Amino acid sequence: MKKLLILGCLLASFAGFAQNEESLKEAELNRFKVMVAKDLPGLQAVLHKDLVYFHSSGAQDNKETYIASIASGKSSYLAITPEEIQHRVYGKTGINTGILNILQQAADGGQTTLRLRFTDVFVYADKRWQMVSWQSTKLVPAQKP
């Protein structure tokens, strides 16, 4: 009986291990990498089927339309660099908030840089974190008085 209790405790600790702030951070940073790499299978894995993605422009996407925008080059990310980021886990729900600097390829071939404040929500399903919601707001440079 004692061995069974110890085994149960060990299994419980391993089951909860994947749902911590460090694993959520890794999922978020991996998402940035697959977006820049245009890794469509990677995006399929990290985006939840019920994704609601609100761009800083106000445009809205779901999983299919967002992946299609990256595949087509409509959304073309050259670099995504976190300036600050916080990760919080509440059971099987993870919330990331922070500021990102995003270098994008514009339709005319030029490059634009965005500085965004964001909130996104991940859920832990199918043994991995999946982003289910994204909302971002463009930050403007501070005005001098």
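As a starting point, this report considers the structure included with it. As the structure is a computational prediction, the values presented were derived from the model and not from experiment. (Residues numbered from 1 in each chain as written. Predicted model: local features only at pLDDT ≥ 70, side-chain atom pairs only at ≥ 80, totals over all residues. Heavy atoms only, no water.)

**Here's the deal with the sheet that holds strand β2 (residues 60-61)**
Spatially, β2-β1-β6-β5-β4-β3 is the arrangement adopted by the six strands of the open sheet, whose pairing is mixed. Of all the strands in the sheet, just β2 and β3 (77-90) have a single pairing partner and so form its edges. Here strand β5 (residues 111-125) runs beside strand β6 (residues 128-138); their pairing, made up of ten bridges, is antiparallel. Bridge pairing in β6 places Leu116 opposite Lys138. (Pairing = 2+ DSSP bridges. Helix = DSSP H or I, 4+ residues; strand = E, 2+ residues; numbered from the N terminus.)

**Details of the packing of aromatic side chains**
Evaluation of the coordinates by the stated rule reveals four aromatic pairs. Note on Phe118 and Trp134: the rings are 5.0 Å apart at their centroids and 15 degrees apart in plane angle, and the pair reads as stacked. In this pair, Phe118 sits in strand β5 while Trp134 sits in strand β6, placing the two residues 16 residues apart along the sequence. Like Phe118, the residue Trp134 is buried in the burial classification. Ring plane angle 75 degrees and centroid distance 5.3 Å describe the contact between Tyr124 and Trp129, whose orientation is recorded as edge-to-face. Across the pair, Trp129 and Tyr124 agree in class, each one buried. An aromatic cluster is built from Tyr53, Tyr66, Phe118 and Trp134, whose rings are joined through pairwise contacts. (Phe/Tyr/Trp six-rings, centres within 6.5 Å; stacked < 30°, edge-to-face > 60°. Buried < 20%, exposed > 50% of the residue type's maximum accessible area, 1.4 Å probe, protein only.)

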